[in-house]
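Close look at the chain arrangement
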Amino acid sequence: MTTTAAPQEVKYIGKPGEVSFAKGLEGVIVAESVKSYVDGIAGRLIYHGIPIEVLAEKSTFEETAFLLLYDKLPTEDELDVYKMRLRQYREIPDEVYDFISRAGRRYNFHPMSVLRTAISMLAAFDDSAEEDTMIAHEREAIKLTSRIATVVAAIGRARKGLPPVHPRPDLSHAANFLYMLFGEEPDPFYARVMDVILILHADHECNASTFTVRAITSTLSDMYSAVVGGIAALKGPLHGGANEEVMHMLHEIGEVENAEAWVLRALARKKKIPGFGHRVYKTYDPRAHILKQYALEVTRRAGTEKWLRMAEVIERVMIERLGQKGIQPNVDFYSGIVMASMGIETALFTPIFAVGRIAGWVAHALEQRKDNRIYRPRFFYVGPEHMEYIPIEERG
Ligand SMILES: CC(=O)SCCNC(=O)CCNC(=O)[C@H](O)C(C)(C)COP(=O)(O)OP(=O)(O)OC[C@H]1O[C@@H](n2cnc3c(N)ncnc32)[C@H](O)[C@@H]1OP(=O)(O)O
Ligand SMILES: O=C([O-])CC(=O)C(=O)O
């Protein structure tokens, strides 16, 4: 290929100083939001002003999702209505169950990809999916928050060759999810653990998947499209996919006594250790503290303390080596150990993250719509200013 070198002074379109350039959009503020705030130095996370520790101790997923959607804590009546709406939307069309049972069994088709397609299919069977009013967008937000749990549970069962278990209206969102996944009513302790997992994952200001949801919404596209985009972004191992990578790493390490040498070897090879590091937190992620506490109890009950011992060695070595640099455990480090100890297979960890994060996605989509401007940043063009077009038969 022949290129004509650009004169130095016109190399960049959008010159440094004229436009701001932040690789990976680091530190760039794209919108105002009242949903959540991360103080990455203090290691603090709030949802609309309420610390995550308080929500994890006192709230439920339903109440937290309401808080994110409506920017206030519900009264008892408001919460009852919201829960009633979630319950009313739990069931999904037979066509979607059929797709899940066929696609879910294909082990090389990741559950996040099955989820992405299933959510897209839900739109095709929803006559009001394209309705463009604020009331309709709010309804789709609640519908999707509810139905994603049914889809993920059905995927989990399909992977084991089992038929779906239909939702029960009398259970909480978290308990019903575990019921649909395992086919029996969960022990209240495990239902509460799942509730807390969903609360902890519900929102995290301008993370990659929520940014994607807001960027799609900023074009005035529909709620289903935005959520499908969010799922696609969450799937990656640098984002939500890291919880699965943590479990793969623990399996590869195998035994507690191998952990230290394994991490040191990986660091020497410049490998990034999953479950560590964060764009915003330069200290311990507050959600990892909470999940570690749950991991203590859940692994004790399940007899899976070995995972926790291994994780503790990895954490110690990572903090000794990279703690000063701000590389500390993030939300994905202990969540997998908790879920694995509850009998949940690794490939479902990221889909379960989505069952929680949807609360934030739909809340942000509505917030974006209320004060919208299309997301349209620039690239820093570093290509040639001019290149001659040579006919194909003359190219060497
Ligand atoms: C729910 C979530 O999405 S939480 C994040 C989940 N992702 C992971 O756990 C994957 C592992 N972590 C990472 O890849 C990163 O820390 C990210 C993607 C989370 C953040 O990325 P960025 O903010 O772009 O940080 P970046 O990748 O530039 O890292 C900065 C430095 O820390 C190092 N570093 C960051 N994370 C890690 C890690 N997990 N292990 C080892 N070193 C790390 C990088 O190598 C880099 O070092 P350098 O300055 O010597 O080049
Ligand atoms: O905020 C981020 O960049 C990643 C994320 O979603 C989270 O930590 O929950």
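Report on the accompanying structure. (Residues numbered from 1 in each chain as written. Chains lettered and ligands numbered in written order. Predicted model: local features only at pLDDT ≥ 70, side-chain atom pairs only at ≥ 80, totals over all residues. Heavy atoms only, no water.)

So, the environment of Ala311
Assignment of secondary structure puts Ala311 in helix 14 (residues 305-322). Distance in space between the C-alpha atoms of Ala311 and Thr350 is 19 Å, their sequence separation being 39 residues. Leave out the neighbours within four places in its chain, and Ala311 touches Leu250, Phe333, Tyr334 and Ile337. (Helix = DSSP H or I, 4+ residues; strand = E, 2+ residues; numbered from the N terminus. Contact = heavy atoms within 4.5 Å.)

Overview of the nonpolar core
The biggest cluster of nonpolar side chains holds 118 residues, and the ones touching the most others in it are Ile119 and Ile314. Domain assignment of the residues forming this core places at least three in each of domain 1 (44-236 + 347-370) and domain 2 (242-341). Dropping the residues within four chain positions of it, Ile314 is found in contact with Met249, Leu250, Ile253, Ala259, Val263, Ile273, Phe276 and Phe333. (Core = buried A, V, L, I, M, F, W, Y, C linked by side-chain atoms within 4.5 Å. Buried < 20%, exposed > 50% of the residue type's maximum accessible area, 1.4 Å probe, protein only. Domains from an automatic or database assignment.)

Here's the deal with helix 5 (residues 111-124)
With 14 residues, helix 5 should cover 20 Å at 1.5 Å per step; its first-to-last C-alpha distance of 20 Å lies within 8% of that length. For helix 5, a buried count of ten out of 14 residues is recorded, marking the element as mostly surrounded by other parts of the structure. Listed as buried for helix 5 are Pro111, Met112, Ser113, Val114, Leu115, Ala118, Ile119, Met121, Leu122 and Ala123. In this structure, the buried residues of helix 5 make contact with helix 4 (94-104), helix 6 (134-159), helix 10 (223-234) and helix 16 (349-370). (Expected span 1.5 Å × (residues − 1).)

Brief notes about the site of ligand 2
What surrounds ligand 2 is the set His204, Asn207, His239, His278, Arg287 and Arg357. Within the contact set of ligand 2, an oxygen atom lies 2.7 Å away from a side-chain nitrogen or oxygen of Arg287. (Near = heavy atom within 4 Å. Polar contact = N/O pair within 3.5 Å; in protein donor to acceptor, adjacent residues only side chain to side chain.)

A closer look at the environment of Ser20
Structurally, the position occupied by Ser20 is in the segment before strand 1 (36-39). Take Ser20: its relative accessible area is 72%, and that puts it in the exposed class. In sequence terms Ser20 and Ile390 are 370 residues apart; their C-alpha atoms lie 35 Å from each other.

Structural notes on unusual backbone geometry
Backbone geometry at His48 places phi at a positive 45 degrees, although glycine is not the residue there. Within the secondary structure, His48 sits in the loop between strand 2 (44-47) and strand 3 (50-51). For Glu205, which is not a glycine, the phi torsion comes out positive at approximately 30 degrees. Along the chain, Glu205 turns up in the loop between helix 8 (188-201) and helix 9 (208-217).

Thoughts on helix 8
For helix 8, which comprises 14 residues, the first-to-last C-alpha distance of 20 Å matches the rise-based estimate of 20 Å (1.5 Å per residue) to within 8%. Burial analysis of helix 8 places twelve of its 14 residues in the buried class, which makes it a mostly covered element. A distance of 2.7 Å separates the backbone nitrogen of Phe189 from a side-chain oxygen at the start of helix 8, and that oxygen is part of Asp187.

A word on the pattern of salt bridges
Overall, the coordinates contain 21 salt bridges when judged by the stated rule. For Glu255, the salt bridge identified is with Lys306, shortest N-O distance 3.5 Å. With Glu255 in the loop between helix 11 (242-253) and helix 12 (259-268) and Lys306 in helix 14, the pair connects residues that are 51 residues apart, well separated along the chain. What makes Glu255 partly exposed here is its relative accessible area of 35%. As a salt-bridge pair, Glu312 and Arg309 come within 3.2 Å of each other at their nearest N and O atoms. (Salt bridge = Lys/Arg side-chain N within 4 Å of Asp/Glu carboxyl O.)

Geometric values such as these leave the question of function open.
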